[in-house]
2 protein chains.
Amino acid sequence: MHSASKSWLLLSGFVLFYIIYLLFGALVFSSIERPAEDELRLDTQRLKETFLNQSCVSAATLELFLSRVLAANKHGVSVLRNSSSRSNWDLASSMFFANTLVTTVGYGHPTPLSDAGKAFSIAYALIGVPFTMLVLTACVQRIMQPLVLAPVGLLQRAGLKPRPATVVHFLLLLLAVVLCCLLAPAAVFSALEASWTFLDSVYFCFISLCTIGLGDFVPAARPGQPYRALYQVAVMVYLFIGLMMMYLLLRTFHKMADVHGLTTFFQLPRCEASLMDDDTEPIVCNDPTPPRPKDRPATKPLDPGSQPSYNSINKG
Amino acid sequence: MHSASKSWLLLSGFVLFYIIYLLFGALVFSSIERPAEDELRLDTQRLKETFLNQSCVSAATLELFLSRVLAANKHGVSVLRNSSSRSNWDLASSMFFANTLVTTVGYGHPTPLSDAGKAFSIAYALIGVPFTMLVLTACVQRIMQPLVLAPVGLLQRAGLKPRPATVVHFLLLLLAVVLCCLLAPAAVFSALEASWTFLDSVYFCFISLCTIGLGDFVPAARPGQPYRALYQVAVMVYLFIGLMMMYLLLRTFHKMADVHGLTTFFQLPRCEASLMDDDTEPIVCNDPTPPRPKDRPATKPLDPGSQPSYNSINKG
C-alpha cells in the first residue's frame, strides 16, 4: 500500500478507536455510577425534607445537615431544587468525564462515587492516557507539513534567512493558536454560559488547554442547559483540537529552540537526536553487535572496548 | 568548565529557580487571594448566623442559603464550624496551589476567587508549565544513565540479547515505579488521612501522577491537620519525584518501542530521529543554502530543486 494512504488509514483507525474507547468508557461509567448517584441524590433529598420539617433549627443540626450537603456536593450531587433532576452520569456526561480522564484535564466535576468507579477510572486512564497521547502525536505529525514545514518554506522563499524564518513562523503560529483556540472559543463560552465573564472564559480555555483543569468553571454544568449533550460533545471536540494545537506549538517551539542551539545549551534532548548521543557513553556489553548504521556515524571515535548503546540496537 | 560539572550546575540552577518560582507564586497568590477569601468567609459566617437566628425555615430561605453556601464552598470556603479558622491561602497552601498549576495536576481545591487571581494564574502557568517541563526533562535526562542505560547494559552482560534486555528492563522499572511511587506512598497516605481507604489513596496517587488531578481527594485538607505546612511540602516533593519517574517510564517505553520498530510501524516520531526525516519532503526555497551535514546524508536522493528542510538548517 502507498505510504501516505497507509498513514491516513492508520490515523483514521486511531481516531475511530479513540471515539469507541470514549463511548465504551461512557457506558461503563454510566452503568457503575448512576445507581450510586441516584441513591445519594435520594438520601440528600430526604435529608433536606427532614431538615425543613423540624420545628426549630439548632446549630448542631444545621452543622450536621451542612456537612452532609457538602459531602454530597463534592460528588456532584447538589441539594438545590433546580438541579435535582439532572444526572451527572448520563451517556454524554459520562463520555465528557471519560474524555477529561484520558486527556488528563480532569475537572473533577463530577468524580466517581463508588469504589468500582474509582478502580475503573484507574484502569481506564492507564490505557486511555497513553493511547490519547499516541493519537494526538499521530495527528500532530500529520499537520506538521501544512502548518509548520510549508509556511517556513514560504517564508524562506519570501527572502527570510532560515533562522529568522523559524522565529517569524513560530510567532505567527502562536498568534493563530491564541486567536483560534483561546480568544474565539472564550468569546463563544462567555456568550453561552450566562454567569461567565470574558476573563472567566479565557481562564477556563487556558486552564483546560494546559490540562490543569481546575474545575471551577465547567461548561454545560448549569441546570436546564439546552442541547446539553450536543454542547458537551462540542466541548470534547474543542478540547481535542485545542490540545493538538498546543502540542503542535510545543513541538514547533522545541524545533525552533533546536535550530537556535538552545537545546544544546541547556543540554536537553534535541528534537531530532537522542539524548543518548549527546551526553552518555555507550553501554559496554559482552554481545557481539552490529556496527552503527552507516549513514549516521558516531561523531566521537568509539572507545575500543565499547559496544552499542540502547539506540544502536539493530531494529531489523 | 568540564561538561559534567556544567551539566550538574545547570540542573541545580534549574531546581533552585523552580523553588524560587514556587515561592514567588505562593507570595503573590497569598497576597491576592487572602483578602478575597477573608471577605467571603466573613460573609458566609454572617449568612449562617442570620439563618440560625430566624424563627422559621421556609423552603425558599433554605434554598437561598444553600445556594450561597455551595457557591462559597466552590472556592474552598467551608461554612462548617471546625473549618472556619484555617485559610486556603496561607504560604504553604498557596505554594501547594502554585505547584498544582505548574505541574498541570490542578486539583482545583482551592481555586482563585478574584479576577486578579485568575489573571495571575494564567500568567503564572504560561511561564511555569513550560519551565516545569524543562526542569523535569533535565532531571530525567540526568537519571537516564543510572536507571536506564546502566541496567540495560547489566542485563546484556548477564547474557540477554539487546531486544529482550530492553523489555526485561522496562518491566523491572515499571515494577519499581509502581512499588515506590504508587503503592508505598498510597500506604503512607492511607495512614495519614483518616478518611482515606487504601483504594482511595492508590486512586489519589495514580490520578495525581497522571496529572489528571480530579481533586476529590486532596492531602492535608482536613481541619486541624497537624504539621500541615510540612505535609504539603512533602506532597509537593512526592509529586515532583513521581512525575519525574512517570516521565522516565514514558521515555523508556518510547525507546523500547523504538528498538522494537513500533514507532516505525505506527509512523510516529522516533526517540532518536526527527519526524521530518521519515515522512516529509524538504522545503523548497530560493535561498542558497548549506548542504546537509556530511555525517548524515539524505537516504533518498535529493530533488534537483530541493533545498534544506527545517532540520537541515545549519546551527553553527
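Residues numbered from 1 in each chain as written. Chains lettered and ligands numbered in written order. Predicted model: local features only at pLDDT ≥ 70, side-chain atom pairs only at ≥ 80, totals over all residues. Heavy atoms only, no water.

Chain A appears in an unreviewed UniProt entry as Potassium channel subfamily K member from Poecilia reticulata. The heading Subcellular location (unreviewed entry) in the UniProt record of chain A holds the text "Membrane". (UniProt positions renumbered as here; feature names shortened; annotations may be inferred.)

Draft legend 1. Structural detail: the environment of Y247(A). Residues and elements named next belong to chain A. Note that Y247 resides in helix 7 (residues 228–259). Here Y247 falls in the partly exposed class, since its relative accessible area comes to 27%. Here the alpha-carbon distance between Y247 and T132, two residues 115 residues apart in the chain, equals 12 Å. Contacts of Y247, omitting those with residues within four sequence positions, involve L136, T137 and V140. (Helix = DSSP H or I, 4+ residues; strand = E, 2+ residues; numbered from the N terminus. Buried < 20%, exposed > 50% of the residue type's maximum accessible area, 1.4 Å probe, protein only. Contact = heavy atoms within 4.5 Å.)

Draft legend 2. Quick peek at the nonpolar core. By size, the foremost hydrophobic cluster in this structure holds 130 residues, and its most contacted members are Y124(A) and Y124(B). What Y124(A) contacts, discounting residues up to four positions off in sequence, is Y21(A), L22(A), F24(A), G25(A), F29(A), A98(A), L101(A) and V102(A). V57(A), L66(A), L70(B) and V79(B) belong to the second largest nonpolar core, which has 20 residues in total. (Core = buried A, V, L, I, M, F, W, Y, C linked by side-chain atoms within 4.5 Å.)

Draft legend 3. Main features of helix 6 (residues 198–209) of chain A. Its 12 residues place the ends of helix 6 of chain A 16 Å apart at the C-alpha level, agreeing with the 16 Å of an ideal helix rising 1.5 Å per residue. Within helix 6 of chain A, burial applies to D200(A), S201(A), V202(A), Y203(A), F204(A), C205(A), F206(A), I207(A), S208(A) and L209(A). Packing partners of the buried residues in helix 6 of chain A comprise helix 5 (162–192) and helix 7 of chain A together with helix 3 (91–102) and helix 4 (115–157) of chain B. Immediately downstream of helix 6 of chain A, the backbone of T211(A) shows phi near 60°, a positive value. (Expected span 1.5 Å × (residues − 1).)

Draft legend 4. Molecular detail of empty space enclosed by the protein. All names here are of chain B. The full count for this structure, using the stated rule, is one cavity of 30 Å³ or more. Lining the largest cavity, in full, are Y107, Y203, F204, I207, S208, L214, G215, D216 and F217. Among the residues forming the lining of the largest cavity, the class breakdown is six nonpolar, two polar and one charged. (1 Å grid on protein atoms, 1.4 Å probe; cavity = no way out; pocket = protein on both sides within 12 Å on 5 of 7 lines; lining within 4 Å. Points joined across faces, edges and corners; volume = space filled by probe spheres on them. Nonpolar A, V, L, I, M, F, W, Y, C, P; charged D, E, K, R; others polar.)

Draft legend 5. Focus on the pattern of salt bridges. Residues and elements named next belong to chain B. Per the counting criterion, the structure on display carries 12 salt bridges over all chains. Residues D43 and R46 are paired through a salt bridge, measuring 3.5 Å at the closest nitrogen-oxygen approach. In this pair, D43 and R46 both sit in helix 1 (residues 3–53), three residues apart, roughly one turn of the helix. In this structure R46 comes out as partly exposed when scored by relative accessible area, which is 49%. Of the charged contacts, one joins D90 and R228 as a salt bridge, the two residues approaching to 3.5 Å between their closest N and O atoms. Placement of D90 in the loop between helix 2 (59–74) and helix 3 and of R228 in helix 7 (residues 228–259) is noted, with a sequence separation of 138 residues between them. The buried category is assigned to R228, whose relative accessible area is 15%. (Salt bridge = Lys/Arg side-chain N within 4 Å of Asp/Glu carboxyl O.)

Draft legend 6. Just a nonpolar patch on the surface, in detail. Residue and element names in this part refer to chain B. Side chains of V167, L171, L174, L175, V178, L179, L183 and F198 sit close together on the surface and give an oily, nonpolar patch of about 640 Å² of accessible area. The leading source of residues in the nonpolar patch is helix 5 (residues 162–192), at seven residues. One can find V178 in helix 5. (Patch = residues over 30% accessible without salt bridge, like charges linked within 9 Å, V, L, I, M, F, W, Y side chains within 5 Å. Areas by Shrake-Rupley, 256 points an atom, 1.4 Å probe, with all protein chains shown as cover.)

Draft legend 7. Quick look at the side chain of T44(A). Residue and element names in this part refer to chain A. Within the secondary structure layout, T44 lies in helix 1 (residues 3–53). A relative accessible area of 4% places T44 in the buried class. Only 2.5 Å separates the side chain of T44 from the backbone oxygen of L40, close enough to count as a polar contact. Residues in contact with T44, not counting those within four places in the same chain, are A72, V77 and V79. (Polar contact = N/O pair within 3.5 Å; in protein donor to acceptor, adjacent residues only side chain to side chain.)

Draft legend 8. View of the UniProt feature "transmembrane region" (unreviewed entry) in chain A. All names here are of chain A. Taken from the UniProt record, the annotation "transmembrane region" (unreviewed entry) applies to residues 7–32, 122–144, 165–189, 201–218 and 230–250. Annotated as residues 165–189, this span is 100% helix and 0% strand, and its ends, taken at the C-alpha atoms, are 35 Å apart. In residues 201–218, helix accounts for 50% and strand for 0%; the two terminal C-alpha atoms are 10 Å from one another.

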